[in-house]
Structures are given as C-alpha cells and as structure tokens.
Amino acid sequence: MSDPYDLKAHIRSVKDYPIAGVEFRDITSLLETPTAFKTACNAMTSMCRDFRPTTVVAIESRGFIFAGPMAHELSLPFVLARKPGKLPNPAFSRSFDLEYGSTALEVQKNTVIGSQDRVVIVDDLIATGGTAMGCAELLNENFGVPKENILVAALIDLPALKGSAAIDAAGYEARSIVVYD
C-alpha cells in the first residue's frame, strides 16, 4: 500500500457498508484531524500542479471537501458536479453504474468550460471508476474538453476494483495519494 503522507491511519475501513460485501473507506477521522486534513489537501493540490489545470470540478459530495481548498490554493474556478435535481439552472446529465447501483451527475449548462481547458475532477475515492468516468464523459461530450485534458484526482485509490485502470484505458488520467493494494 502506498501512503507517502501517512494518511491511512486516519482512514477507517467499514465492512459491509453501504451494502454487504463492500468495504467502505471512511474519511471522517481524517477530516476531524486538522493536520491530516491539511496534509491531504496540500498533497492533492501538489499532485495536480504539473497538470496545469484551469478548472477544478468536484464530485458530490465528498469531492467538494477536497476540491474547495484545491481550487482556492490554485486560484481556479470551482465547478460542482451534483446529483440530479440539485442545481438551480438547466444542466447536462450523465448516468453511470457504481459497484452497488447506478446514479447520475449533472453540471450546469451555463458553466464556462471549453475545449482549451484542463480540468481536474476531484473525488475522495476511486473504486470502480464509474463516478469519475461519468463526470469525465459529461465534460468531454458536453463541454468539448479533450480526454487528455482531464485528470481525475482522488485521495484514495482501490486498484483491486480496477477503476484507475479503467479511467486510464478510457483516455483520461487518474492520480491518488493513498493506494490500498
């Protein structure tokens, strides 16, 4: 397991949540420990700098936690990718499958993102990659962001579920801070 910032000690594993057979990675301990939270935000920001992003997109809801500080530190626009019906303006929508169901994400149509942008999509965890790829495909198809201009940045990666590999194979890029082997 890769954990260069010693953050794993602040991440709990909860078996059979939200359904039997799923091992949930609970980041609440990390969030409740100011030094660990600051380390995580700084590490995620540093991990993305060489990508030269122009926009940060956060996946609801735990992606919001890390994307806000990242966008602030990088002085970039902060765009929300939310569950259906949560945004006030007309939105593009993309449905996708999860390891335990299916859902959709939406981004407002009036969001200023285009083909020249370099977008970092932020979430807390990459499992099967469904959420991140759904968001990336939404940006690629509806805003014209080229695949090579989209980076998925997560605190945690679970490579056994093959999400990062699927993201990379689809033409996007995935990076994370804590990797559970």
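Residues numbered from 1 in each chain as written. Predicted model: local features only at pLDDT ≥ 70, side-chain atom pairs only at ≥ 80, totals over all residues. Heavy atoms only, no water.

Enquirer: It is not clear to me how the sheet that holds strand β7 (residues 119–126) should be interpreted in this structure. Could you clarify?
Expert: Two strands in a sheet stick together by hydrogen bonds in their backbones, pointing the same way (parallel) or opposite ways (antiparallel). Taken together, five strands build an open sheet; the order of strands is β4-β3-β7-β8-β9 and the sheet is parallel. Edge positions in the sheet fall to β4 (78–81) and β9 (173–179), since each has one partner strand and no second. Taken over all neighbouring pairs, the strand axes of this sheet differ in orientation by 25° on average, direction set aside. Of the pairings in the sheet, the one linking strand β3 (residues 55–59) to β4 comprises four bridges and is parallel in character. Bridge pairing in β4 places A58 opposite L80. Sheet strands touched by helix α3 (residues 62–74): β3, β4, β7 and β8 (150–157). Its angle to β7, the strand with the most contacts, is close to 140°. Contacting β3, β4, β7 and β8, helix α4 (residues 130–143) crosses the sheet at an angle of about 165° to β7. (Pairing = 2+ DSSP bridges. Helix = DSSP H or I, 4+ residues; strand = E, 2+ residues; numbered from the N terminus. Axes fitted to C-alpha atoms, helices over the stretch in contact; angles between N-to-C directions. Contact = heavy atoms within 4.5 Å.)

Enquirer: Whenever I open this one, helix α2 (residues 34–49) confuses me. Can you help?
Expert: What sets the pattern is the α-helix's 3.6 residues per turn: residues three or four places apart point alike. The end-to-end C-alpha distance of α2, which contains 16 residues, comes to 23 Å, matching closely the 22 Å that a straight helix rising 1.5 Å per residue would cover. Buried within α2 are the following residues: A36, A40, C41, A43, M44, T45, M47 and C48. Buried residues in α2 make contact with α1 (28–31), α3, β7, β8 and β9. (Expected span 1.5 Å × (residues − 1). Buried < 20%, exposed > 50% of the residue type's maximum accessible area, 1.4 Å probe, protein only.)

Enquirer: So what exactly am I meant to see when it comes to the packing of aromatic side chains here?
Expert: Per the counting criterion, the structure on display carries three aromatic pairs. Measuring from ring centre to ring centre gives 5.1 Å for Y17 and F24, while their planes differ by 80°; the resulting arrangement is edge-to-face. Classification of Y17 as partly exposed rests on a relative accessible area of 44%. Ring centres of F92 and F143 lie 5.2 Å apart, and the angle between their planes is 85°; this geometry places the pair in the edge-to-face category. Placement of F92 in strand β5 (residues 91–98) and of F143 in helix α4 is noted, with a sequence separation of 51 residues between them. What makes F92 partly exposed here is its relative accessible area of 22%. By relative accessible area, which is 9% here, F143 ends up buried. Above the plane of the ring of Y180 lies R25, whose end atom (NZ or CZ) is 4.0 Å from the centre. Over the face of the ring belonging to F51 we find R118, whose NZ or CZ atom lies 4.1 Å from the ring centre. (Phe/Tyr/Trp six-rings, centres within 6.5 Å; stacked < 30°, edge-to-face > 60°. Lys NZ or Arg CZ within 6 Å of the ring centre and 35° of its normal.)

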